[in-house]
Amino acid sequence: MTGRNNGVALVSGAGSGIGRATAKRFAADGAQVVVVDIDVEGGQETVSDIEATGGEATFVRADVTDENDIEEMVAVAVDSYGGLDYAFNNAGIEGTEAPASEQSMSNWEQVIDTNLKGVFLSMREEIPVLMENGGGAIVNTASIAGLRGFRNLSPYVASKHGVVGLTRTAAAGFSGDGVRVNAVCPGVIETPMVARSREENPEAIEATVAATPADRLGQPEEIAAAATWLCSGDASFVTGESLVVDGGFTVE
Ligand code: NAD
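The notes below deal with the structure included here. None of the values given here were measured: they were computed from a predicted structure. (Residues numbered from 1 in each chain as written. Predicted model: local features only at pLDDT ≥ 70, side-chain atom pairs only at ≥ 80, totals over all residues. Heavy atoms only, no water.)

Time to look at the site of the ligand. Taken together, 30 residues lie around the ligand, and Ser 16, Asp 37, Tyr 156, Ile 189 and Thr 191 are the ones closest in. Within the backbone of Ile 38, an N or O atom sits 3.4 Å from a nitrogen atom of the ligand. Contact with the protein chains hides 93% of the accessible area of the ligand, taken as 820 Å² for the molecule alone. Elements supplying a minimum of two residues to the shell around the ligand: α1 (17-28), α5 (154-174) and α6 (192-200). Ranked by the residues each element gives to the shell around the ligand, the list is headed by α6, at four residues. (Near = heavy atom within 4 Å. Polar contact = N/O pair within 3.5 Å; in protein donor to acceptor, adjacent residues only side chain to side chain. Areas by Shrake-Rupley, 256 points an atom, 1.4 Å probe, with all protein chains shown as cover. Helix = DSSP H or I, 4+ residues; strand = E, 2+ residues; numbered from the N terminus.)

Our focus in this paragraph is the packing of helix α4 (residues 105-132) against α5. α5 packs onto α4 with a crossing angle of 15° between their chain directions and a minimal axis gap of 8 Å. Judged by the inter-axis angle, α4 sits roughly parallel to α5. Viewed along their axes, α4 and α5 form a crossing whose handedness is right-handed. Along its contact with α4, which presents Asn 107, Trp 108, Val 111, Ile 112, Asn 115, Leu 116, Val 119, Phe 120, Met 123, Ile 127 and Met 131, the element α5 presents Ser 154, Pro 155, Tyr 156, Ala 158, Ser 159, Lys 160, Gly 162, Val 163, Leu 166, Ala 170 and Phe 174. When its residues are assigned to classes, the contact of α4 with α5 shows 16 nonpolar, five polar and one charged. (Axes fitted to C-alpha atoms, helices over the stretch in contact; angles between N-to-C directions. Parallel < 35°, antiparallel > 145°, perpendicular 65-115°, else oblique. Left-handed = near helix turned anticlockwise from the far one by under 90°. Contact = heavy atoms within 4.5 Å. Nonpolar A, V, L, I, M, F, W, Y, C, P; charged D, E, K, R; others polar.)

This next bit is on the packing of aromatic side chains. The description of two aromatic rings rests on the distance between their centres and on the angle between their planes. All chains considered together, the criterion is met by two aromatic pairs. When the ring of Phe 26 is compared with that of Tyr 86, the centres are 5.7 Å apart and the planes differ by 15°; the resulting orientation is stacked. Here Tyr 86 lies in strand β4 (residues 86-89) and Phe 26 lies in helix α1, a separation of 60 residues in the sequence. Classification of Tyr 86 as buried rests on a relative accessible area of 12%. Ring plane angle 15° and centroid distance 6.4 Å describe the contact between Phe 150 and Phe 249, whose orientation is recorded as stacked. Taken together, the positions of Phe 150 in the loop between β5 (136-141) and α5 and Phe 249 in the segment after β7 (242-245) put the pair 99 residues apart, joining distant regions of the chain. What makes Phe 150 partly exposed here is its relative accessible area of 24%. Note on Phe 249: relative accessible area 12%, which makes it buried. (Phe/Tyr/Trp six-rings, centres within 6.5 Å; stacked < 30°, edge-to-face > 60°. Buried < 20%, exposed > 50% of the residue type's maximum accessible area, 1.4 Å probe, protein only.)

In this structure the tally under the stated criterion is eight salt bridges. For Asp 49, the salt bridge goes to Lys 24, with nearest N and O atoms at 3.3 Å. Here Lys 24 lies in helix α1 and Asp 49 lies in helix α2 (residues 40-52), a separation of 25 residues in the sequence. Given a relative accessible area of 37%, Lys 24 falls into the partly exposed group. (Salt bridge = Lys/Arg side-chain N within 4 Å of Asp/Glu carboxyl O.)

Take a look at the structure:
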């Protein structure tokens, strides 16, 4: 244990990929972790992984599009561990790929509700609790799709641009109250989400690797390292930032 983030951390989308790696990293750093996911099996597996290495975690099944579930997930942090110090609002979906002219309303609503409304509802519930605790840090998962366009992904790109905007707005509003708010913008990271995209369109993933100066995909642990750093005291003057972690994909 490094003791870098030894408080109470809530991580959504923690039943898989980036969220699971970050929940495990928080626990390894000494935090008590509230593991949130809509996927019960995945969430419970993350808790077992944490407990197997001597860490402390509790699973809450919550759908981040549902206000009542969001209230419940934050209440569990308070009831189980006495408060909240860090929140990683990370649950997200990629939706289906199609040109904007052919996007369905159901895909638009599902992606915007999960990726954008989910982050808004989460922060709305988390911020007062962080303030009560004397301050804390929030990290929202945006994406390189929050900073540039990708054809055929209009709802996803719009949702992630929205996450960057919500992050800046919350940072402007609450940093003076001791709540720092940042985003992390991953490039293409090897998670089940990307495995699904690879099945659909293997050439696109290969093209991404070819266009990445680091010449590989990222690992979930590399996003976990960035997110937990943003939450740590080492990032005490960092707020409103959207930190790109993409092996250089967006630099040229
Ligand atoms: P993943 O599919 O492996 O994990 C996402 C998790 O979120 C799953 O466990 C899923 O059950 C959960 N989830 C989905 N909808 C939910 C809801 N409504 N309520 C609660 N939980 C829900 O994906 P990942 O790659 O780990 O993605 C995590 C985040 O990172 C997402 O926001 C994604 O957009 C973002 N991201 C991923 C990549 C990448 O290349 N993998 C790149 C940039 C951004």
